[in-house]
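# Commentary on secondary and tertiary structure
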Amino acid sequence: IDVIRSTLAGRPHHLVGFFDQSLYEPAGCFVSLHRQEDHALRGCVGRFANKEPLIEVVRSSAASVLQDPRFLEQPITPVELPSLEIELSVLSPLKPKAHVLDFDPKQEGIYLLHEGRSGCFLPQVARQTGWRREQLVDRLCTEKMGLPPTAWRDPKAKLLTFTAQIIGPVRFPK
């Protein structure tokens with residue numbers, strides 16, 4: 001919350017003083033912002049596990065969520081913050097799957113690679129929308145990857161899955 005407020009104000013922000021050692025282990029994370037009244041998405045940005053500590057991935061993702069390209073025409077303003085809630089999704093390592101439909105939509109997020117493009121849906125997407133496996137990969141292709149809905153059927157398409165520990169949602173304080 002402090003990182004987002006600082007970013008909106010044009011000030012740098014550093015997360016310091018956390019003693020939980022797991023925050024300094026490498027992990028991926030996504031930061032999502034939703035409107036409280038209707039749960040409409042206002043931004044979702046993150047990265048998969050790499051060599052950076054989780055605390056740094058959270059900081060950079062929180063700062064970047066305000067620049068989600070899908071919402072640049074209607075950017076989040078400081079006045080809007082009290083009507084939003086924030087959710088963190090701490091990600092497990094990616095796990096390759098033998099077949100694109102080889103995943104549990106209620107438990108696993110999906111990351112699809114095809115034709116030099118990639119896209120992902122967090123595990124919450126299937127739970128919130130009720131979409132089945134085929135619907136998820138169809139929508140992933142069109143909405144996130146700019147490909148035809150059935151592009152995932154190409155044998156060259158590769159699917160990786162992950163789970164997420166969800167923290168939140170938490171409302172922004174007024």
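Residues numbered from 1 in each chain as written. Predicted model: local features only at pLDDT ≥ 70, side-chain atom pairs only at ≥ 80, totals over all residues. Heavy atoms only, no water.

All right, on to helix α2 (residues 54-64) then. A large share of α2 lies buried, amounting to 8 of its 11 residues. On its buried face, α2 sits against α1 (2-8), β1 (28-35), β2 (41-47) and β3 (84-91). (Buried < 20%, exposed > 50% of the residue type's maximum accessible area, 1.4 Å probe, protein only. Helix = DSSP H or I, 4+ residues; strand = E, 2+ residues; numbered from the N terminus. Contact = heavy atoms within 4.5 Å.)

The next subject is the environment of Ser118. Its location among the elements puts Ser118 in strand β6 (residues 117-121). Taking relative accessible area as the criterion, Ser118 reaches 34% and is therefore assigned partly exposed. Look past the residues within four positions of Ser118 in its chain and what remains in contact with it is Tyr111, Leu112, Leu113, Lys144 and Met145. Of the polar contacts made by the side chain of Ser118, one reaches the side chain of Tyr111; its length is 3.4 Å. (Polar contact = N/O pair within 3.5 Å; in protein donor to acceptor, adjacent residues only side chain to side chain.)

Across all of its chains, the model carries 4 aromatic pairs by this definition. Geometrically, the ring pair formed by Phe30 and Phe48 is edge-to-face, given 5.7 Å between the ring centres and 70 degrees between the ring planes. One end of the pair, Phe30, is in strand β1; the other, Phe48, is in the loop between β2 and α2, and 18 residues separate them in sequence. We note that Phe30, like Phe48, is buried. The residue whose ring lies beneath Arg133 is Phe103, and the NZ or CZ to ring-centre distance is 5.9 Å. (Phe/Tyr/Trp six-rings, centres within 6.5 Å; stacked < 30°, edge-to-face > 60°. Lys NZ or Arg CZ within 6 Å of the ring centre and 35° of its normal.)

Here we take up the layout of surface pockets. If you add up the space inside the largest pocket, you get close to 630 Å³. Surrounding the largest pocket, 24 residues form its lining, Leu41, Arg70, Phe121, Val125 and Lys144 being those nearest its centre. At the level of elements, β1, β2, β6, α3 (123-129) and α4 (133-144) are the ones that each hand at least two residues to the lining of the largest pocket. Taken together, the residues of the lining of the largest pocket break down into 10 nonpolar, 9 polar and 5 charged. (1 Å grid on protein atoms, 1.4 Å probe; cavity = no way out; pocket = protein on both sides within 12 Å on 5 of 7 lines; lining within 4 Å. Points joined across faces, edges and corners; volume = space filled by probe spheres on them. Nonpolar A, V, L, I, M, F, W, Y, C, P; charged D, E, K, R; others polar.)

Moving on to the sheet that holds strand β8 (residues 164-171). Read from one edge of the open sheet, 4 strands run β2-β1-β3-β8, paired in antiparallel fashion. One side of each edge strand has no neighbouring strand; the edge strands of this open sheet are β2 and β8. Between one strand axis and the next, the sheet turns through 15 degrees on average, direction left out of account. Sheet topology places β1 next to β2; 6 bridges connect them, and they run antiparallel. Note on β2: the bridge partner recorded for Cys29 is Arg47. Here α2 sits on the sheet and contacts β1, β2 and β3; the angle it forms with β1, its principal contact strand, is near 35 degrees. (Pairing = 2+ DSSP bridges. Axes fitted to C-alpha atoms, helices over the stretch in contact; angles between N-to-C directions.)

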